[in-house]
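# Chains, contacts and geometry: an overview
Here's the letter readout for the chains.
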Amino acid sequence: MKTRSTRAIPCAAVLTVGGLLLTACGSSGDGGSGQAGPASFEGRGPISYVAAKDTTGTIQPMIDRWNKQHPDEKVTFIQLPTDADAQRQQMIQNAETKSDAYTVLSLDVVWTSEFAAHQWIDRLPEKQFPLGKMLKPVVETAKYRDGLYAVPHSSDGGLLYYRSDLLKKAGVKVPPKTWAEMKDACAKVQKLPEGKGVSCYAGQFQKYEGLTVNFSEAVHSAGGVVTGPDGKPNVDTPEAKKGLDFLVGSLKDGTIPKKAVTYLEEDGRQAFQNGKLVFLRNWPYVYSHAQKSDIKGKFAVAPLPGLNGPGSSSLGGHNLAISSFAKNKATALDFIKFMSSEQSTETFLKEASLAPPYASLYDDRELIDQYPYLPVLKESILRAVPRPRVVPYGDVTASIQREAYAALTGSKSSAEALKALQADLQKSVAR
Ligand code: GLC
C-alpha cells in the first residue's frame with residue numbers, strides 16, 4: 001500500500017454510532033467544527049468525471065447521453081486505475097495541489113470522512129436528492145457528521161459465486177453456509193473428472209483495499225470485530241483469530257490457490273470465468289460479466305459463508321462528490337443528479353449488474369427475473385458491516401493490509417499479526 005502524509009489536522013474521537021468511531025477534525029474556515037454549510041454551486045461549462053477504469057463498458061455511453069443533451073456542459077471521463085488505493089492517491093494529489101482538473105469524483109464509500117474533513121469535497125444540498133428512497137446504510141456512507149458530502153451511485157455487497165453445475169454433479173444440493181461446508185463441497189467437486197485442476201476458493205488477497213475488505217469479512221464472519229461497539233479497535237481476540245486463521249489455513253492447505261495473494265477483483269473474476277475456481281467471493285458487477293462468458297448458466301450466487309453459519313459482507317460502493325477546487329459546479333451538481341437518478345442506476349443494474357442505491361429496484365419482479373440474486377444482494381447490503389468511518393482511514397487500511405498480508409504470506413503468525421494490528425489501530429484512532 002502506498003501511504004501518504006496528509007495535511008496535519010487535529011482530530012478527536014467524538015462519538016460512536018453503530019460501533020463506528022466518528023472523528024471530528026478542526027480545519028480552517030469552519031470555526032474548527034470541520035463542517036462547512038452547503039457550498040454554492042455556480043458556473044456552467046465543461047467538467048470532468050473521475051472514476052476507476054470502467055470494466056463494465058456502461059459509463060461512457062451514459063456520459064454520451066448527457067453530452068448529447070448538454071452540448072455546452074460536456075463531461076470528460078477520466079479513468080483511474082482499478083486498484084482503489086491508487087484511485088485514492090491520485091484524487092488526494094489533485095486535492096493537495098488544489099487542481100481544478102477533477103470535478104465530479106466517484107469516491108469509494110470508505111473515503112467520505114477523510115475527504116470531507118479535509119474539505120477536499122463540498123458539502124451538498126441534501127434536500128435536492130431523493131435520499132429517502134435509498135437504502136439507509138448506503139446513504140450513511142455519504143455523510144460526515146450529519147452533512148451530506150456525496151450521493152450514492154452504486155452500492156456493493158460481497159457475494160459467493162459458485163459453480164452450480166459442478167456442485168450438482170458432485171451431489172451437493174445447497175450452497176455452503178459455513179467454511180467447513182464449502183471445503184467439503186470442494187473435496188467432492190475435485191473428485192469429479194471436471195473438477196481436476198480446479199481450485200476451491202478465492203477472494204481479493206493482494207495487498208490493497210480489497211484485502212481490507214476480505215480480512216474484515218473473515219473476522220466478522222467468525223464472530224469477531226475490527227472495531228468494537230464503542231468504536232475502539234478490538235481485533236486481538238480469539239474470534240478475530242479464527243477468521244484470519246481461515247484465510248491463512250486455506251492458503252496453506254490449498255483451498256485458496258497460492259497465486260490468489262496477487263488477486264484484485266478482476267483476477268479472481270477471470271479465474272472463475274475460466275473455470276479455475278469452484279467458489280469466488282466478489283462484488284455484483286461480476287454477475288453480468290460471467291453471464292457473457294463460457295460459464296453462462298453454470299453458476300449461481302449465495303450469501304457469503306462463515307464459521308458457524310452465514311457470514312457478513314463488508315459494505316462497499318461508490319458515491320459521487322464534487323471537488324472543492326473544481327469549476328462549473330452548477331453543471332457538476334446536475335450531472336450528479338443525472339448519474340445517481342433511479343433511471344440511470346437502473347440502467348447500470350440492467351446492463352452491468354451494478355448494485356443500485358434505490359430500495360425499490362431490489363423488489364422489482366422484472367429485475368429479479370433478470371437477476372435472481374437481487375434479494376440475496378439486498379440482504380448482503382443491509383447486513384453488511386461498514387469499514388471504520390474515520391478521518392485517518394488511509395492509516396487504518398494501510399495497517400490492516402500490512403498485517404493481514406504478513407499473515408497470509410507466512411512472515412507472521414495470525415496471533416502476531418493481530419497483536420501488531422491492534423497496537424497500530426489504537427495509535428491511528430487516538431490521533
Ligand atoms: C469495490 C467496492 C469498494 C471497495 C473496493 C475494494 O470497488 O465498491 O467499496 O473498497 O471494491 O477493492
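The shown structure was predicted, so the numbers you read here are calculated from the model rather than taken from an experiment. (Residues numbered from 1 in each chain as written. Predicted model: local features only at pLDDT ≥ 70, side-chain atom pairs only at ≥ 80, totals over all residues. Heavy atoms only, no water.)

## Quick notes on the domain arrangement of the protein
Domain boundaries in the protein define domain 1 (47–156 + 316–379) and domain 2 (159–314 + 389–430). Centre-to-centre separation of domain 1 and domain 2, based on C-alpha positions: 26 Å. Contact with domain 1, which involves 29 residues of that partner, is made by 23 residues of domain 2. The junction of domain 1 with domain 2 conceals about 2,000 Å² of combined surface from both sides, 62% of it contributed by carbon and sulfur atoms. E140 is paired through a salt bridge with R389; the nearest N and O atoms lie 4.0 Å apart. The interface formed by domain 1 and domain 2 holds 10 residue pairs in polar contact (both at pLDDT 80 or more) in total. Going through the elements one at a time, α2 (84–96), α3 (112–117), β6 (143–144), α12 (342–352) and α14 (374–382) are the ones with two or more residues in the side of domain 1 that touches domain 2. Considering only residue class, the side of domain 1 that touches domain 2 consists of 13 nonpolar, eight polar and eight charged. (Domains from an automatic or database assignment. Contact = heavy atoms within 4.5 Å. Buried area = accessible area lost by both parts, 1.4 Å probe. Salt bridge = Lys/Arg side-chain N within 4 Å of Asp/Glu carboxyl O. Polar contact = N/O pair within 3.5 Å; in protein donor to acceptor, adjacent residues only side chain to side chain. Helix = DSSP H or I, 4+ residues; strand = E, 2+ residues; numbered from the N terminus. Nonpolar A, V, L, I, M, F, W, Y, C, P; charged D, E, K, R; others polar.)

## Examining the confidence of the model for the protein
Residues of the protein with pLDDT of at least 70 account for 91%, and the chain-wide mean is 92. Ignoring residues within four places in sequence, the model shows residues 1–34, a span with pLDDT below 50, making 94 contacts including any to other chains. (pLDDT = per-residue confidence, 0-100.)

## A few points about the packing of helix α1 (residues 59–69) against helix α11 (residues 329–339)
Where α1 meets α11, the closest approach of the two axes is 11 Å, and the angle between their N-to-C directions is 125°. Considering their axes alone, α1 and α11 lie oblique with respect to each other. Judged by the twist between their axes, the crossing of α1 over α11 is right-handed. Taking contact as the criterion, the partners of I59, M62, I63, R65 and W66 in α1 are, on α11, T331, D334, F335, F338 and M339. Split by residue class, the contact of α1 with α11 holds seven nonpolar, one polar and two charged. (Axes fitted to C-alpha atoms, helices over the stretch in contact; angles between N-to-C directions. Parallel < 35°, antiparallel > 145°, perpendicular 65-115°, else oblique. Left-handed = near helix turned anticlockwise from the far one by under 90°.)

## Overview of the sheet that holds strand β11 (residues 277–282)
Across the sheet, four strands lie side by side as β10-β11-β9-β12; this open sheet has mixed pairing. A strand with exactly one partner marks an edge of an open sheet, and here the two such strands are β10 (199–202) and β12 (300–302). Between one strand and the next, the sheet's axes are offset by a mean angle of 20°, whatever the strand orientation. Here β10 pairs with β11 via three bridges, running parallel. If you follow Y201 over to β11, its bridge partner there is F279. (Pairing = 2+ DSSP bridges.)

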